[in-house]
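Architecture at a glance
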Amino acid sequence: MPPDPVTDPGVPVRDAATIIVLRETAGGPAVLMGRRGASAAFMPSHVVFPGGAVDPGDAAISLAGGLNPTCAARLAVESARTPNALAAAAIRELWEETGQIAGRAAPWPDAPRGWRGFARTRHRPDASGLTFVFRAITPPGRPRRFDARFFTLDANRLASDLDDFSRAEDELGALSWVPLDAVQGLRLPFITSIVLAELRAGHGRAGPPTDVPFYRDGAEEAAFRRIHGRA
């Protein structure tokens, strides 16, 4: 069943996916974040997680490792995109914006356009470490609107050097591991602040959360609901 968000007639809502990579350090947990450019059309100069819109080809990507069944079931709620397409988009955006590989070692000679750089690392995308934790629709009045699904991923599941961002494209600058206790001092989008509060509340919990918050910011009201259910 396709989503039915409260929409701004002039700005379509695009499906999107984001990965929050969590790394345990000597000083406590940290998250991978970067700063959007000052001239960016969406959230200029804000510090964000890597992520972006789902591409048409993401639905055809064969994942080396599948999603947790509970996460897949929740991603399918009110969504025109398949769970695998959303997971693939999150992995692709992580690669494009940070150069980090959420993948499993395997040759991929027939990778489609948009994935060939990833394939040259001799990995295939692996969603088995992703956990669906949050969903939010961008409020009206913005030049772009997204229906974003947020995933967490343990940094130990990455098949790349955690401090090497040399293969990243230029969409995000100042890529770094930000201590979870220090993020509120940064210029964050409103939804990012809410997601981080949820992360702190659930830090250390194993497996999918009890439910997934779904924040819908409409033209007249903003409301939370919870996505329940298991596979």
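Here is what the cut-offs are and how they apply
Residues numbered from 1 in each chain as written. Predicted model: local features only at pLDDT ≥ 70, side-chain atom pairs only at ≥ 80, totals over all residues. Heavy atoms only, no water. Helix = DSSP H or I, 4+ residues; strand = E, 2+ residues; numbered from the N terminus. Buried < 20%, exposed > 50% of the residue type's maximum accessible area, 1.4 Å probe, protein only. Contact = heavy atoms within 4.5 Å. Expected span 1.5 Å × (residues − 1). Phe/Tyr/Trp six-rings, centres within 6.5 Å; stacked < 30°, edge-to-face > 60°. Polar contact = N/O pair within 3.5 Å; in protein donor to acceptor, adjacent residues only side chain to side chain. Core = buried A, V, L, I, M, F, W, Y, C linked by side-chain atoms within 4.5 Å. pLDDT = per-residue confidence, 0-100. Salt bridge = Lys/Arg side-chain N within 4 Å of Asp/Glu carboxyl O.

What follows deals with the overall build of the chain. The secondary structure content of the chain amounts to four helices and 11 strands. Burial analysis of the chain (231 residues in total) assigns 51% to the buried set. Residue pairs in contact within the chain that sit at least 24 positions apart in sequence constitute 68% of those at least 6 positions apart.

Attention shifts here to helix H2 (residues 83-98). Here H2 spans 23 Å end to end across 16 residues, near enough to the 22 Å set by a 1.5 Å rise per residue. Where burial is concerned, most of H2 is hidden: 15 out of the 16 residues are buried. The first or second residue beyond H2 is Gly99, which carries a positive phi of 80°.

Counted under the stated rule, the structure contains seven aromatic pairs. A centroid spacing of 5.9 Å and a plane angle of 65° characterise the contact between Phe190 and Tyr215, whose relative ring orientation is edge-to-face. Pair noted here: Phe190 is in helix H4 (residues 190-202) and Tyr215 is in strand S10 (residues 212-217), with a separation of 25 residues, a long-range link. Among the residues examined, Phe190 registers a relative accessible area of 51% and is labelled exposed.

Another aspect to go through is the side chain of Glu96. Looking at the secondary structure, you find Glu96 in helix H2. Apart from the residues lying within four places of it in its own chain, the contact partners of Glu96 are Gly114, Ala168, Glu169 and Glu171.

By the secondary structure assignment, Arg145 is in strand S8 (residues 145-154). The class of Arg145 is buried, set by a relative accessible area of 0%. Within the local environment of Arg145, its side chain forms a polar contact with the backbone oxygen of Thr138, the two atoms lying 2.7 Å apart.

Time to look at the nonpolar core. In terms of nonpolar packing, the biggest core is built from 43 residues, with Ile19, Val21, Ile91, Trp115, Leu130, Phe151 and Trp177 touching the most fellow members. Tallying contributions element by element places H2 first for this core, with eight residues. Not counting residues within four places of it along the chain, the set of residues in contact with Trp177 comprises Val21, Arg23, Ala30, Val31, Leu32, Ala155, Leu162, Asp163 and Phe165. In terms of nonpolar packing, the next biggest core, distinct from the first, is built from 24 residues, Leu22, Met33, Phe146 and Phe150 among them.

The next thing to look at is the confidence of the model for the chain. Confidence along the chain averages 88 in pLDDT terms, with 88% of residues attaining 70 or more. Contacts for the low-pLDDT stretch residues 1-8, under 50 throughout, to residues beyond four places or in other chains number 24 contacts.

Right, let's get into unusual backbone geometry. With phi around 50°, Glu78 is a residue other than glycine that occupies positive phi space. Looking at the secondary structure, you find Glu78 in the loop between helix H1 (69-75) and H2. Positive phi outside glycine occurs at Ala174, with the angle close to 50°. Relative to the assigned elements, Ala174 resides in strand S9 (residues 172-179). Using a relative accessible area of 53% as the deciding quantity, one classes Ala174 as exposed.

According to the stated counting rule, one finds 15 salt bridges in the structure shown. In this structure, Asp110 engages Arg124 in a salt bridge whose closest nitrogen and oxygen atoms are separated by 3.9 Å. Of this pair, Asp110 sits in the loop between strand S5 (103-105) and helix H3 (116-119) while Arg124 sits in strand S6 (residues 123-125), and the two are 14 residues apart along the sequence. Exposure remark for Arg124: the relative accessible area of 22% places this residue in the partly exposed category. Counted as one network, the salt bridges with shared partners bring together Asp15, Arg81, Arg135, Asp147 and Arg149.

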